[in-house]
Structure formats: structure tokens, C-alpha cells
There are 2 protein chains.
Amino acid sequence: MKIILDGQGGDYPDQAVMGAIKAVNKHKDLEIIICGKAEEVNKVLSENYSGNKITVCDCREVITNDDVPTIAVRQKKDSSMVKAIRMAKEDPTIDGVVSSGNTGALLTASLFIAKRIKGISRPCLAPSLPTAIDGKCFVLVDCGANADCRPINLQHFAVMGSCYVESLFGRKNPTVAILSNGQEKGKGNELVKETYPLLESTKSINFVGNVEARDILFGDYDVVVCDGFSGNIALKTIEGTALCVMRMIKNSIKNGSILQKIGGLLIKPAVRKLKSTMDVNEQAGGTVLGVDSIIVKAHGSSKEASICRCIEQAMLLAQNDIVSKIKTNLSGLEDYDN
Amino acid sequence: MKIILDGQGGDYPDQAVMGAIKAVNKHKDLEIIICGKAEEVNKVLSENYSGNKITVCDCREVITNDDVPTIAVRQKKDSSMVKAIRMAKEDPTIDGVVSSGNTGALLTASLFIAKRIKGISRPCLAPSLPTAIDGKCFVLVDCGANADCRPINLQHFAVMGSCYVESLFGRKNPTVAILSNGQEKGKGNELVKETYPLLESTKSINFVGNVEARDILFGDYDVVVCDGFSGNIALKTIEGTALCVMRMIKNSIKNGSILQKIGGLLIKPAVRKLKSTMDVNEQAGGTVLGVDSIIVKAHGSSKEASICRCIEQAMLLAQNDIVSKIKTNLSGLEDYDN
């Protein structure tokens, strides 16, 4: 198995290299190509790795978070991100790409270089999110790639999300719901109301109807489908609320009695565990779905463990051949390209 | 001051009467008319109240949560909700209405009976939500009345939300932001991008640009504007996430060491305080903005204290004459009705 790592886009390029080392040490049959500034990558490698499973592809440019995605992808041809995706597209022995770089640029590069799967109207970004059930995640598609959508886009997100949950978590016949402002059929904005019958008629998914945003975190749904604007609001509201509640508890304990303060100290391990559940660095990466390569987006602030996990995620998706699975499940749908 | 209370729509009609009693006992110049089944209301009154500030208006019908709003409002003319809003419209001595009934029906009745303020394209429902800053709330408009919106609707929500925050919290020149998928200008779906310049040019508000959903709960914004579908997603995601985080902490403590369990017991008062901050019953009611009456929506499960608070909210909005304030701040905007 061969994975290519964009070693430069995230906040901690050194940690990206360390993540690659961790991954090859863990998986005997894994090879990694790191795209990045050779002198920097080699410095970390020489100090921490003596094997021969990691090679370096020298890239002189970096796409940063300040770059405008479309311009950066067009102009920075020698950037670690563009080169990583181009190599994955051109070399059939490469199984997947991992990058913690600029999300917009990664989506743009995925679309223009890896190219959309024939029949898919729009690729999307699929993160997996924790639920109240320990260890059970769900997938939110789209969570930000496409701010304005049509029903056919949401149908494709549903099909892809379903394949993704099967490939990533091994769950058979995952439930798919559409995010709406009420659970009853008939609730929703125009987009939801038009998409509902389309999802009902999609044979390759297990559509279970509308879901309200307050119910998505309790483990009853495997795939939640929405336009990228609503998905971004749900995703960011989860992050903000979790942070806010933790802060409120902390303040309430801090301003409480001495007994409450002692209680606060005693529950610290429990809070730490919860923090790690909610922490993006502890979670799986997001995956760009609908393009003809496996492209995993690690969080920008990913460190060693998180990069390693994202590499393993790309391996798993390659082993389960998610791209072929999506292609198969598209058959029977109205062909978007014709 | 005279407030009319729909005594029948919520889960606890007895508690609605108790809330009215609490309010008149607290405010010497307050009179309340309770619309509801006279025998039921009088029974609670005879056992708990001996004054003459509460009168009863007998209504033989009730609009329930199972009713279809438009049909119920048209057909159940003798319902407590319809009669309460009609009386408030027809009797100029009545200052406001409080109801804990079916939200959709209340919005419908507000629109068709109380009528829209001239120049307002769409009324909306404005809840005030807690933030990480103790005691500081913000207002989310619209949070569910209008699933599909146009830029002019959002402009009106912004103007009304701004008047509302001034009237309810006494905050001068409140900040108004538009909910988007990125903070930078230019981010957003088509609706947000089209609304942005309109809000920039609205002189009666203090527009500060886009806000991401993860930032709305930290007390930096007074009014957050969005379409009712996105607002519903943000609102319900906040509820769901807060519940989920509390459950996770509880489980983590329950499955933790004996010391953690003791810690859990010790922090109970802090958690209880937090729960009451997040609890709708402890919060102010939502207000229907943009109609020619003051109509406060109490939560369906409101009890005595919450009903009393909603009555006080209606009194405060009447004292600050929010309807006139909205009418004044509309002047200078493109006239929607002409």
C-alpha cells in the first residue's frame, strides 16, 4: 500500500513527518511519499527514522490558509498539495492522499486534478463526528464544500455518504436522514422538500426521512445529508456549543463552594476524556468524496497521532475500494453527465 | 398595564393560571385576562387567588400541537389562542399576549389576526439564547418561522432584532451579524452574499459582518440574523449538543474511578446551575416580531415561573413600545408594501 502525504500545508510540518514515521512503523506493508521542502523533511527523517519506506518528493511552494484556493491551485504548481494530488492521479500504484492544508484549495485541487467521478454532480467534504454513544460516529455530508445545492447534489451526497460509512466503519445498510427543521415528512425548506422524494426513490440507500438538528448527536443516524451551508452551521454550532458548555461548567465550579472546587479536580480525568472525544485531533479526518482518488483532509492543527490516523483512514478506504463502491452505487440513478 | 394570557395551549394549563397569579401579585398595576375553559381556570383561581386583577374569558376550543396551524386558526374561532390574539387586536387597552401553544398556529394567528406591520415583509420568531458570559443573552432571528427567505426578509429581521434587543435588554446600538460559513466578507451562500450589502447600507442597525456558528455563543454579538431554516438548525444543534455533552460527562464520571464519582456528586450544584441556564423554562420566551401586537411565545412545557417571566417580558416590551420602535426604524428602508 502506498500513501502520499502533503507534508507542508498544516500548522506543524514536523509533526506531519512524525505521523508518517509512526504509520510506517505500525504497518509493515505501507510506503509513504512525503511532498514538501526536501531539506526540512529530510532533517526530521534523519533524526527520527532509519528505514526505507519513506521517500521524499521535493516541492518548493506551499499553499497557505491565506491563499485564494482557485488561484493557488492554478499558480502554485510546485506546491506540496498540488503535486501530491497530481502524483496520486497519474501513478496508479498510489492508493491515497493525506493533507492538512487549506480546505478550499484541497477541494479545488481534488476537483480539477483528481477529477470528479463520472455521474457525480458535486464532490463534497465528509467529516465523521462523535455521538453520545461511546465510539460511534456519524457522517455529515456536505459540511462545507457546496454552499448552494440542488436536490441532485444532496442525492449524490447521500449515496456517497452511505458508501463512506460502510467503508470506514464497516456498518452494513447504514441509515441516511436529511437534516430538516422538523421530523415529519413535509417539513423543510424548498430544497429539503424537493430532495425528500428523490431520496425515497434511491434504491442504494437506506433512507429514513427527516432528522432535526437536536437529534443528530445521539447515534441513531449513520449519514446526515444537507447542503454545505447548513452542514457548516451544524458542524460549527456543535464545536461552539461543546466549548461553551465546558467553559460554563468550569466557571460554575470556579465560582462555587470549596467542595465544588474539589469535585472539579476529581472529575478532571472524565473531562479530559470528553475533550479528547470532541477534539478534532483525536477524530478521523474528513474525506473528499466524489473524486477519482482517495483524499483525506486532516485538521490544520493535526499532530503526529492525528496524521497517522488519517493515513490509516486512507489505507482503509483504499482497501475497501470506496471509489469503485461509489461508482457501482451510482448506477441506476439518473445519469448526471448525460 | 393589561396582558392577555392564552391559558390553554401549553402542557400545563394549571401552571399558566399560577403564573398569572404570580405576576399580578408581583406587579401592582398589572391586570390579566385569561382565555381558557372558564370552569378549569376558575377552579385554580378560587383555590389560589382572592384579588380582582384577573378576569376570565371563556373559550370552548383548544388548539393542540397536533393541529395543522392554518386550518386550526381558520376553524377554531373559539379557541383560547385565536380569541386572545383577536382581543388584543381589537381592544387598544390590551398591551400584549402570552401563549405557550402550538408555535406554527401562533405565528399564523399573529400574521392573520394581529396583522403584519406595514413595510415588514415577513414576521419572524425571536428567541433569546444564553451565552458563555453569565447573564448575557443574544437574539437569533429568524429561528424557524420562515424556512425560505429573500434578502429583504433578512434585512427586516435585522432591524426588528435590533429593536428587540434594545427593548428587552436595554442595550444601546446592539451589534448585528449575519450567520455564515466563514467570517470574511464574501463568504456565504447566495442568500448571505446578497444580503450582506443590504445590511451594510441599513443605517438603523450596527452591522458588524459575518459570524460563524461556532462564535455565536460567546457573547460578542447581540443579534444574529439568518433564514429560519438555518436558524432552526443552529438553535436545535445548540440544544442537542448541550444535552449530549452533559450526558457524556455523566457517563464518563459514572464509568470512572470512585474518586471521579465523588467529584461528580460534589459538582452537582454547578451542573444544576448550568442546566437551568440552558433550560428553556428558565429563559425568556420568544417574541413574534413584525406584527402589530406584542405576542410572546412561552415554551410549551412552561410552568408557573416561566409563564410569569413571559408576562413580564410582554410588559417590558409594551413599556418600551417596541412596535413603534420597529415602525420608526423601518423608515428609510425601501418600502416593501409600495
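For the structure, check the block above.
All of these numbers come straight from a predicted model, not from anything done at the bench.

Q: Teacher, can you tell me more about the packing of aromatic side chains here?
A: Between two aromatic rings, the relevant description is the distance of the centres plus the angle of the planes. Residue and element names in this part refer to chain A. Under the counting rule described, the total for this entry stands at 2 aromatic pairs over all chains. Considering the side-chain rings of Tyr196 and Phe207, the 5.1 Å spacing of their centres and the 80° angle between planes classify their relative orientation as edge-to-face. Of this pair, Tyr196 sits in helix H7 (residues 190-200) while Phe207 sits in strand S9 (residues 206-212); the two residues are 11 residues apart in sequence, bridging distant segments of the chain. What makes Tyr196 buried here is its relative accessible area of 12%. Taking the relative accessible area as the measure of exposure, Phe207 reaches 16% and is therefore buried. Its end group placed over the ring of Tyr12, Lys303 keeps NZ or CZ at 5.0 Å from the ring centre.

Q: Just checking my understanding: could you explain the packing of helix H6 (residues 151-169) of chain A against helix H12 (residues 322-330) of chain A for this structure?
A: Axes are the key here: two packed helices are described by the angle between their axes and the distance separating the axes. Residue and element names in this part refer to chain A. Across the interface, H6 lies against H12 with an axial gap of 9 Å and an inter-helix angle of 140°. Judged on the interaxial angle alone, H12 and H6 are oblique. For the pair H6 and H12, the sense of crossing is right-handed. Between H6 and H12, the contacting residues are His156, Val159, Met160, Cys163, Tyr164, Glu166 and Ser167 on the first element and Ile322, Lys325, Ile326, Asn329 and Leu330 on the second.

Q: Explanation requested: the interface of chain A and chain B in the structure shown.
A: Bring the parts together and some accessible area is lost; that lost area is often taken as the interface size. Counting residues at the interface gives 51 residues for chain A and 51 residues for chain B. Between chain A and chain B, a total of about 4700 Å² is buried, with carbon and sulfur atoms accounting for 72% of that surface. For chain A, the biggest contributors to the area lost against chain B are Arg214, Phe229 and Met248 of chain A; these three give 14% of the whole. Notably, a salt bridge pairs Lys236 of chain B with Glu212 of chain A, separated by 2.2 Å at the nearest N-O pair. Elements with a contribution of two residues or more to the side of chain A that touches chain B: strand S8 (175-180), H7, helix H8 (228-254), helix H9 (258-266) and helix H10 (268-278) of chain A. When residues of the side of chain A that touches chain B are assigned to their parent elements, the largest contribution, 22 residues, is made by H8 of chain A.

Rules and cut-offs
Residues numbered from 1 in each chain as written. Chains lettered and ligands numbered in written order. Predicted model: local features only at pLDDT ≥ 70, side-chain atom pairs only at ≥ 80, totals over all residues. Heavy atoms only, no water. Phe/Tyr/Trp six-rings, centres within 6.5 Å; stacked < 30°, edge-to-face > 60°. Helix = DSSP H or I, 4+ residues; strand = E, 2+ residues; numbered from the N terminus. Buried < 20%, exposed > 50% of the residue type's maximum accessible area, 1.4 Å probe, protein only. Lys NZ or Arg CZ within 6 Å of the ring centre and 35° of its normal. Axes fitted to C-alpha atoms, helices over the stretch in contact; angles between N-to-C directions. Parallel < 35°, antiparallel > 145°, perpendicular 65-115°, else oblique. Left-handed = near helix turned anticlockwise from the far one by under 90°. Contact = heavy atoms within 4.5 Å. Buried area = accessible area lost by both parts, 1.4 Å probe. Salt bridge = Lys/Arg side-chain N within 4 Å of Asp/Glu carboxyl O.

Spatial relationships are all this shows, so hold off on functional conclusions.
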